[in-house]
Amino acid sequence: MTVQPADGLSQAAAFPDPSHDQWQSLVEGVLRKSGKEVSGSAAEEALSTTLEDGLITRPLYTAHDTSPDTGFPGFAPFTRGGTAEGNAAGGWDVRQRHALTDPARLNEAVLGDLENGVTSLWLSVGGPAGVPVDALAAALDGVYLDLAPVALDAPSDLDAAAAELLRIYEERGVARSEARGTLGADPLGREARTGVEADLGAAVRWARVCVQDYPGLRAVVVDALAYHEAGGSAAQELGLSLATGVAYLRALTGAGLSVEQACAQMEFRYAATADQFLTIAKMRAARRLWARVAEASGAPGAGAQRQHAVTSAVMMTRRDPWVNMLRTTLAALGAGVGGADSVTVLPFDHALGLPDAFARRIARNTSTILMEESHLARVVDPAGGSWYVERLTDELAAASWAFFQETERAGGLPAALRSGLVAERLAATWAVRSERLARREEPVTGVSEFPQPAERPVEREPAPDAFADGPGGLPRVRRDEAFEALRARSDAHLAATGARPKVFVAALGPAAAHTGRVSFAVNLFGAGGIEAVHDPVSVDAETAGGALTASGATVACLCSSDALYAEQAEAVAGALRSAGAAQVFLAGRPGAYAGVDSYVFAGCDAVAVLTSVLDRMGVA
């Protein structure tokens, strides 16, 4: 007997369609059990998350969450991609970054990468962090330049580097029509990073050369990484990229290029973070916004933005750098799904210095796995139609446009940079985010959460600073910086004394009562490089003093349940004091226990707590 497969659609039709009100009622019931008496829209708001730029992600999105028409891939407003086939035509361009000054080492790295999956090169040329201009030919020896596009990063020697690359093309017989890549002119980006006032003349000159003789080359890069790396939000990054693009558009058209020619000369560079949905929305919103600029400039068909996404340097950590592999995988996923044309995955050891061959291998293989094994490049605009992504794209675009307009009202990007407006806005955003990082509301795995203080640090050859020649400019921040400073103090103490600073964990009662808060305390103090000594497993007023002395610590933290705190906390704190404890913490919400100096709990300012502990211990 043959059994016919059940009709899934028919089975689903037997169930009634739940209404939004019914779902909301169920949410109210769950919240009520947790002690929150809310109803209606307030119940939904209680489960919402507030992001930067005033964006809010909600727990449920439906067809009622409308957004503007996104059109079709390859057509204005290009939200769904700059070409009709998108990345489904073969995936994104895998662009590896290289910043080596030795041409022989650079050549070895370049050839190895191209043989193993990399499809274009991003080279630092000239200045303190790049290969010398006159050694560029040696660095590119053996590279098929008609197949591998080259993107130059030459902030100090743009004219010399661009001229040399074109000379190499001519020398090696690369037809001008076959030359691909970008010359990397970005004077405003250099001004943002160094404070050296921009001269747009070089960008104009090289754009003219490309328009006349090299149709496959782009002269100008609109690099928004400087704003992301200064602590800017996604909307600020996009808004300032628009302001930069508009400034270049004015300069290029003022020099005689058409709007279409000027737009075709620009490549936009954005940061991709481990927040994959925000990264997807960022790439889609960026294309939509630039399409609006092109439309307002009288060339609606010229707004197909060329995008280069780079995994965020801000999110990379120096401690437990292996976790960076996971961060960059999520970032590359977001960039690829969002429709970026080129993706650079920074090696996991990027924050430590120059990457080794293994780190570069993992970086390039990340894109290969996403495209070849996860099949992300088989679908055009895979996020399209998601109510959440479409709504997030729309809201991010609105916030970005508002910041762009603020910059324009200030006189355009050059004026906004020189007046301090940009630095002020980015600093304010970073200050708010720093507070969240300090309170571990934005956790950093391996640093502020689940640290490994005893793990041997990974060491790399220092990487020179490409922008060291400027008098100032925007700062460069990292999510791990506050905790990294604390860990550096601990490392110095270890080097000087042979031991890390310690805290004695005084656990009260059975494991079932104290395990949760013990784990919390061990992680908290470990984030500051403070070794937690939890031996014996449990103490009381009679044994706490001796255990503290045996631990060698002068700071203690009580850990248990609220019920046991009420019974034993004051007596144990007194015993610890008598044994020489200079500071006694309690893991839990603030109370009124005699002998307890301070309290640590989820959401407390971990950086402030750990700083005070190290200060009290005399850790320099």
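It should be emphasised that the depicted structure is a prediction, and the values quoted were computed from it without experimental measurement.

Q: Please clarify how the sheet that holds strand β9 (residues 307-311) should be interpreted in this entry.
A: Strands in a sheet are paired, the pairing made by backbone hydrogen bonds, and the direction either parallel or antiparallel. Read once around its circumference, the closed barrel built from eight strands follows the order β3-β4-β5-β6-β7-β8-β9-β10, with strand pairing classed as parallel. Shown here is a sheet whose adjacent strand axes are inclined to one another by a mean of 30°, direction ignored. The sheet strands contacting helix α14 (residues 357-373) are β3 (93-98) and β10 (342-344), and the helix crosses β3 at an angle near 170°.

Q: How should the packing of aromatic side chains be read in this particular structure?
A: To describe a pair of aromatic rings, you give the distance between the ring centres and the angle between the ring planes. Within this structure, the stated rule accounts for nine aromatic pairs. Every member of this aromatic cluster is reached through a ring pair, and the members are Tyr-61, Phe-277 and Tyr-388. Here the basic side chain of Arg-97 rests over the ring of Trp-122, its NZ or CZ set 5.6 Å away from the ring centre.

Q: I keep staring at empty space enclosed by the protein and nothing clicks. Help me out?
A: The rolling of a water-molecule-sized probe over the atoms marks out the regions of remaining empty space. A complete count under the given rule lists five cavities of 30 Å³ or more for this structure. For the largest cavity, the calculated volume is near 100 Å³.

Q: Just checking my understanding: could you explain the sheet that holds strand β11 (residues 502-507) for this structure?
A: On the basis of which strands lie adjacent, the open sheet formed by five strands has the order β12-β11-β13-β14-β15 and parallel pairing. Lying at the two open borders of the sheet, with one neighbouring strand each, are β12 (531-533) and β15 (598-600). The average angle at which neighbouring strand axes cross in this sheet is 30°, direction not considered. Relative to strand β13 (residues 555-559), β11 runs parallel, the two being bridged by four bridges.

Q: I keep staring at the side chain of Thr-57 and nothing clicks. Help me out?
A: Position of Thr-57 relative to the elements: it lies in strand β2 (residues 56-57). For Thr-57, a relative accessible area of 12% puts it in the buried group. When residues no more than four places from it in sequence are discounted, the contact partners of Thr-57 are Ser-48, Thr-49, Leu-51 and Tyr-388.

Q: Help me understand the state of the cysteines, please; the structure alone is not making it clear to me.
A: A covalent bond between the sulfur atoms of two cysteines is referred to as a disulfide. Enumeration over the complete set of coordinates arrives at zero disulfides. Cys-557 carries a free sulfur, and the closest cysteine sulfur to it, the one in Cys-559, is 4.1 Å from it. Taking the relative accessible area as the measure of exposure, Cys-557 reaches 0% and is therefore buried. Not part of a disulfide, Cys-604 finds its nearest cysteine sulfur in Cys-557, a span of 9.9 Å. When its relative accessible area of 6% is taken as the criterion, Cys-604 is described as buried.

Q: Help me out: how do you make sense of the pairing of strand β6 (residues 181-185) in this one?
A: Each regular strand carries side chains that alternate between the two faces of the sheet. Buried residues dominate β6, accounting for five of its five residues. After leaving strand β5 (residues 150-153), the chain enters helix α6 (residues 158-171) and then returns to the sheet as β6, a path that is right-handed. Pairing analysis gives three bridges linking β6 to strand β7 (residues 217-223), with the strands arranged parallel. Of the residues in β7, the one forming a bridge with Thr-182 is Arg-218.

Q: Can you walk me through the packing of helix α10 (residues 234-254) against helix α12 (residues 276-296) in this structure?
A: Two packed helices can be described by the angle between their axes and the distance between those axes. Closest axis-to-axis distance for the α10/α12 pair is 10 Å, and the angle between their directions is 30°. Classified by the interaxial angle, the pair formed by α10 and α12 is roughly parallel. Here the hand of the crossing between α10 and α12 comes out right-handed. Where α10 abuts α12, its residues Ala-234, Glu-237, Leu-238, Leu-242, Gly-245, Val-246 and Leu-249 lie against Leu-278, Lys-282, Ala-285, Ala-286, Leu-289, Trp-290 and Val-293. Grouping the amino acids of the contact of α10 with α12 by side-chain chemistry returns 11 nonpolar, one polar and two charged.

Q: Is there a simple way to think about the pattern of salt bridges in this case?
A: Two side chains with opposite charge may pair up if their charged atoms get near one another. The full count for this structure, using the stated rule, is 42 salt bridges. Its salt-bridge partner being Arg-176, residue Glu-170 comes within 2.7 Å of it at the nearest N-O pair. In this structure Arg-176 comes out as partly exposed when scored by relative accessible area, which is 38%.

Q: Help me understand unusual backbone geometry in this model?
A: Residue Pro-77 is bonded to the preceding Ala-76 through a cis peptide linkage, with omega at 10°. With respect to the secondary-structure elements, Pro-77 resides in the loop between β2 and β3. Geometrically, the link from Asp-535 to Pro-536 is a cis peptide bond, its omega value of 10° lying close to zero. Assignment of secondary structure puts Pro-536 in the loop between β12 and α20 (544-551).

Cut-offs applied
- Residues numbered from 1 in each chain as written.
- Predicted model: local features only at pLDDT ≥ 70, side-chain atom pairs only at ≥ 80, totals over all residues.
- Heavy atoms only, no water.
- Pairing = 2+ DSSP bridges.
- Helix = DSSP H or I, 4+ residues; strand = E, 2+ residues; numbered from the N terminus.
- Axes fitted to C-alpha atoms, helices over the stretch in contact; angles between N-to-C directions.
- Contact = heavy atoms within 4.5 Å.
- Phe/Tyr/Trp six-rings, centres within 6.5 Å; stacked < 30°, edge-to-face > 60°.
- Lys NZ or Arg CZ within 6 Å of the ring centre and 35° of its normal.
- 1 Å grid on protein atoms, 1.4 Å probe; cavity = no way out; pocket = protein on both sides within 12 Å on 5 of 7 lines; lining within 4 Å.
- Points joined across faces, edges and corners; volume = space filled by probe spheres on them.
- Buried < 20%, exposed > 50% of the residue type's maximum accessible area, 1.4 Å probe, protein only.
- Disulfide = S-S within 2.5 Å.
- Right-handed = clockwise from strand over helix to strand, strands pointing away.
- Parallel < 35°, antiparallel > 145°, perpendicular 65-115°, else oblique.
- Left-handed = near helix turned anticlockwise from the far one by under 90°.
- Nonpolar A, V, L, I, M, F, W, Y, C, P; charged D, E, K, R; others polar.
- Salt bridge = Lys/Arg side-chain N within 4 Å of Asp/Glu carboxyl O.

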